[in-house]
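Examination of the molecular architecture
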Amino acid sequence: MTYVVLFALIATGAWITSTVTLRTKALERRAERLERRMGLLLDHLGIEEPEQAGLEDVRALLRAGRTIEAIKVYRRLTGADLREAKTAVEALEAGVDRTA
């Protein structure tokens, strides 16, 4: 009897976990589509997003060759996760003049 209850609890937990995971992934895909559409709309209207305050600090760190610190500051400023911050900082780094 105990094994049956334990199995039922494990099966229920697995089902709930998979349902939540699928729902989360669906919401992430929807958010990505909405962000892409918003970008297209802003481009079409000729509207540029204002630059995040504090990005000059990130650029200064990049000019000094302190990429990891720049990523940390970017994450603190924007709330981005590590992958997002690394991608954004690398994009910023491509436009930074290190001789300045």
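Structure first, text after, so check above.
Residues numbered from 1 in each chain as written. Predicted model: local features only at pLDDT ≥ 70, side-chain atom pairs only at ≥ 80, totals over all residues. Heavy atoms only, no water.

Another point: the overall build of the chain. Of regular secondary structure, the chain possesses four helices and zero strands. Its helices and strands taken in sequence order, the chain reads α-α-α-α from the N to the C terminus. Relative to a compact globule of 100 residues, whose C-alpha radius of gyration would be 13 Å, the chain shows 22 Å and is clearly more extended. Its C-alpha atoms put the chain at 75 × 35 × 20 Å along the principal axes. By residue count, 16% of the 100 residues in the chain fall in the buried class. For the chain, restricting intrachain contacts to residue pairs at least 6 apart in sequence, the fraction spanning at least 24 positions comes to 43%. As displayed, the chain offers around 8400 Å² of accessible surface, 60% of which is attributable to carbon and sulfur atoms. (Helix = DSSP H or I, 4+ residues; strand = E, 2+ residues; numbered from the N terminus. Rg over C-alpha atoms; globule rule 2.2 N^0.38 Å. Buried < 20%, exposed > 50% of the residue type's maximum accessible area, 1.4 Å probe, protein only. Contact = heavy atoms within 4.5 Å. Areas by Shrake-Rupley, 256 points an atom, 1.4 Å probe, with all protein chains shown as cover.)

This part takes up helix H2 (residues 55-63). One turn of the α-helix equals 3.6 residues, which is why residues spaced by three or four share an orientation. Residues Leu 55, Val 58, Arg 59, Leu 61 and Leu 62 constitute the buried set of H2. Down the axis of H2, the smallest arc covering the buried residues is 160°, so these residues share one side. Here the buried face of H2 lies against helix H3 (67-78) and helix H4 (82-94). Directly after H2, the chain includes Gly 65, whose backbone phi takes a positive value near 80°. (Arc of directions from axis to C-beta.)

Before going further, it helps to spend a moment on the packing of H3 against H4. It is at 9 Å that the axes of H3 and H4 come closest, and there the two elements cross at 120°. Here H3 is positioned oblique relative to H4, judged by the angle of their axes. Relative to H4, the crossing made by H3 is right-handed. On H4, the residues that touch Thr 67, Ala 70, Ile 71, Tyr 74 and Arg 75 of H3 are Leu 82, Ala 85, Lys 86, Ala 88, Val 89 and Glu 93. (Axes fitted to C-alpha atoms, helices over the stretch in contact; angles between N-to-C directions. Parallel < 35°, antiparallel > 145°, perpendicular 65-115°, else oblique. Left-handed = near helix turned anticlockwise from the far one by under 90°.)

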